[in-house]
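Overview (structure and organization)
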Amino acid sequence: MENSRPSWTSRLTFILAAVGSAVGLGNIWRFPYIMGQNGGAIFLLVYLGLILTICFIPLFAELAMGKITKKECIGAYESVNPKFKLLGFLNPLTGILISSFYFIVGGWIIKYIILSVSESKITDFGEYFTAFTQDSIPACVYTLLFLFICVFFSARGIKKGIEFANNVLMPLFAVILIGLIIYSLNLPNAKLGLEYMFKPDFTKINAQMFLAALGQALFTLSIGMGALLTYGSYIKEDKSITKSTYTIILSDTLFALMAGIMIFPAIFSFGLEPNSGAGLVFVTLPHIFAQMHYGNIVSAAFFVLLLAAAITSGISILEVPIASMSERLKISRKKACTYLFLIISAIAIPATLSFGALSNITLLNKSIFDFLDFITSSLLMPLNALFLCVIAGWFLKIKGGHFIQNKFLSFLFDIGLKFIVPIILISLLYIGLK
Ligand code: TRP
């Protein structure tokens, strides 16, 4: 057990870790396919609008609550009012449930890196992907391997583990991303992909798109699970978190846009459709890589990029239950990591098997994997974000005036935190659960 709470080495390492948390599968796997399913450029416009006007409010509130209380989630909620303890507990619980399916996708990435460098000649990637996810033992091994990598970094602590992973993986991520964008923009007909991203068709706008954009925005910014609250609680110095909030939002958005600029030109250049859903990265892209010059190198680079992003986000998801377990149960970080590895494995293995051996088990008519995705993204995350805004706005009384000079903007922030964001989140919950 550490004597005192750990803290970040510097403001830069904190920002890097927070950006590392935000930039993950949400940006590179989820964002392009959700955009592809929701009309391209017009979705992007709605998404950017929501990020800039609404999402910075809960993001700021999470960081602020961590920084003010200097506690993990349960303690942070409890310190505002002991009655809120149970609401705080929902955060590490959500973390455990999210990680169970996030880490399955992480496992797929490791498999695809190996596939890229092996001399396999696959003709139908759709079939290949289905067969691989159904093959029980290898699929579980990859899930556990990815989980192990993340837990390994986490167990080494804030400075030697989390900061180290982010300091190495985030620059690696940025360099590969830029390299792949240059490659993609030089493909024939790359222009079509850019038009798809940036030329909105206003006739396609609809309510469903707003919902998809809001869900995506919360997920990609890591809002609604206490990850930013926990990271915020390790901020040592008395520096303002306003600038950090903007940096996190802008970097995350920039990386999502860059992922789109890397992926869409390639899709259009090879005459494919961008609306293939969750299989976009694991089925459509490999199909493209197979036809490219030096395709296996490009493919390996792409999946290493995805792995780097997934590890830094995975670590941030784990940090919520790790901090809660070690501080509440007064056990060492390493012990908490070991228990967590076992707990997450116990959920992640059945979820992995739900593609194959356990596909006949359903909860609310969904496979275990889809059920975990559903209760975390449609129920627990918006609910956590709602509780957080209400507690931060009404009880902890976080005010815009403390950090925004402009009176009108700070007034908007206050109304946003107390009324507008909670109402939007309640609507999101209502529609999502209907
Ligand atoms: N934001 C990450 C991504 O885009 C995922 C993530 C990390 C997350 N921590 C989170 C999502 C906390 C919700 C809550 O992939």
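Note: the structure precedes this text.
We now turn to the structure provided with this report. (Residues numbered from 1 in each chain as written. Predicted model: local features only at pLDDT ≥ 70, side-chain atom pairs only at ≥ 80, totals over all residues. Heavy atoms only, no water.)

Let's talk about the overall build of the protein
Along its length, the protein carries 17 helices and zero strands. Rg of the C-alpha trace for the protein: 21 Å, near the compact-globule value of 22 Å for 434 residues, within the 12% margin. Overall size of the protein, expressed as C-alpha extent along the three principal axes, is 60 × 50 × 45 Å. Taken over 434 residues, the protein has a buried fraction of 59%. (Helix = DSSP H or I, 4+ residues; strand = E, 2+ residues; numbered from the N terminus. Rg over C-alpha atoms; globule rule 2.2 N^0.38 Å. Buried < 20%, exposed > 50% of the residue type's maximum accessible area, 1.4 Å probe, protein only.)

Overview of the pattern of salt bridges
As a working rule, side chains carrying opposite charge can pair if their charged atoms are close by. Going through the model one piece at a time under the given rule, you end up with five salt bridges. In this structure, Glu78 and Lys85 form a salt bridge, with 3.9 Å as the shortest nitrogen-oxygen distance. Here Arg333 and Glu319 are joined by a salt bridge, their closest N and O atoms 2.6 Å apart. Separated by 14 residues along the polypeptide, Arg333 in helix H15 (residues 333-353) and Glu319 in helix H14 (residues 295-328) bring together distant segments of the chain. Under the relative-accessibility criterion, Glu319 is labelled buried at 0%. Salt bridges sharing partners connect three or more residues here, namely Glu72, Glu78, Lys85 and Arg328. (Salt bridge = Lys/Arg side-chain N within 4 Å of Asp/Glu carboxyl O.)

Digging into the packing of aromatic side chains
Taken as a whole and judged by the stated rule, the model has 35 aromatic pairs. For the pair Tyr112 and Phe303, a centre-to-centre distance of 5.2 Å together with 45 degrees between the ring planes defines the contact as tilted. One end of the pair, Tyr112, is in helix H5 (residues 85-117); the other, Phe303, is in helix H14, and 191 residues separate them in sequence. Note on accessibility: Tyr112 and Phe303 belong to one class, buried. Through pairs of rings, three or more aromatic residues link up here, namely Phe101, Trp108, Tyr112, Tyr128, Phe129, Phe282, Phe289, Phe302, Phe303, Phe355 and Phe369. In this structure, Lys366 packs its charged tip against the face of Phe374, placed 4.6 Å from the ring centre. Note that Lys418 overlies the ring of Trp394, its terminal NZ or CZ placed 4.6 Å from the centroid. (Phe/Tyr/Trp six-rings, centres within 6.5 Å; stacked < 30°, edge-to-face > 60°. Lys NZ or Arg CZ within 6 Å of the ring centre and 35° of its normal.)

Brief notes about the packing of H14 against H15
Running from amino to carboxyl end, H14 crosses H15 at an angle of 125 degrees, the nearest separation of the two axes being 9 Å. As summarised for this structure, H14 and H15 are arranged oblique, according to the angle between their axes. Crossing handedness for the pair H14 and H15: right-handed. Of H15, the residues touching H14 (which contributes Leu318, Glu319, Pro321, Ile322, Met325 and Ser326) are Arg333, Ala336, Cys337, Tyr339, Leu340, Ile343 and Ile344. (Axes fitted to C-alpha atoms, helices over the stretch in contact; angles between N-to-C directions. Parallel < 35°, antiparallel > 145°, perpendicular 65-115°, else oblique. Left-handed = near helix turned anticlockwise from the far one by under 90°. Contact = heavy atoms within 4.5 Å.)

Some words on the site of the ligand
Taken together, 15 residues sit near the ligand, with Ala22, Gly26, Tyr102, Phe219 and Ser222 positioned nearest. Between the ligand and Ala22 there is a distance of 2.9 Å, counted from an oxygen atom to a backbone nitrogen or oxygen. Between the ligand and the protein, one listed contact pairs an oxygen atom with a side-chain N or O atom of Tyr102 at 2.7 Å. When isolated, the ligand has an accessible area of 360 Å², and the protein chains bury 100% of it. Looking at the shell around the ligand, the elements with two or more residues in it are helix H1 (11-22), helix H2 (25-37), helix H10 (207-220) and H14. (Near = heavy atom within 4 Å. Polar contact = N/O pair within 3.5 Å; in protein donor to acceptor, adjacent residues only side chain to side chain. Areas by Shrake-Rupley, 256 points an atom, 1.4 Å probe, with all protein chains shown as cover.)

What about the side chain of Thr352?
Here Thr352 is to be found in helix H15. Within polar-contact distance, the side chain of Thr352 engages the backbone oxygen of Ala348 at 2.6 Å. Apart from residues lying up to four places away in sequence, Thr352 is in contact with Ile104, Thr133, Ala139, Cys140 and Thr143.

Remarks on the packing of helix H7 (residues 136-155) against H15
Two elements in contact, H7 and H15, have axes separated by 10 Å at closest approach and are oriented at 155 degrees. When the interaxial angle is binned, H7 and H15 end up roughly antiparallel. Of the two possible hands of crossing, H7 and H15 adopt the one that is right-handed. Each of Ser136, Ala139, Cys140, Thr143, Leu144, Leu147, Phe148, Val151, Ser154 and Ala155 in H7 lies in contact with H15, whose residues at this interface are Arg333, Lys334, Cys337, Phe341, Ile344, Ser345, Ala348, Ile349, Thr352 and Leu353. Of the residues contributing to the contact of H7 with H15, the split by class is 13 nonpolar, five polar and two charged. (Nonpolar A, V, L, I, M, F, W, Y, C, P; charged D, E, K, R; others polar.)

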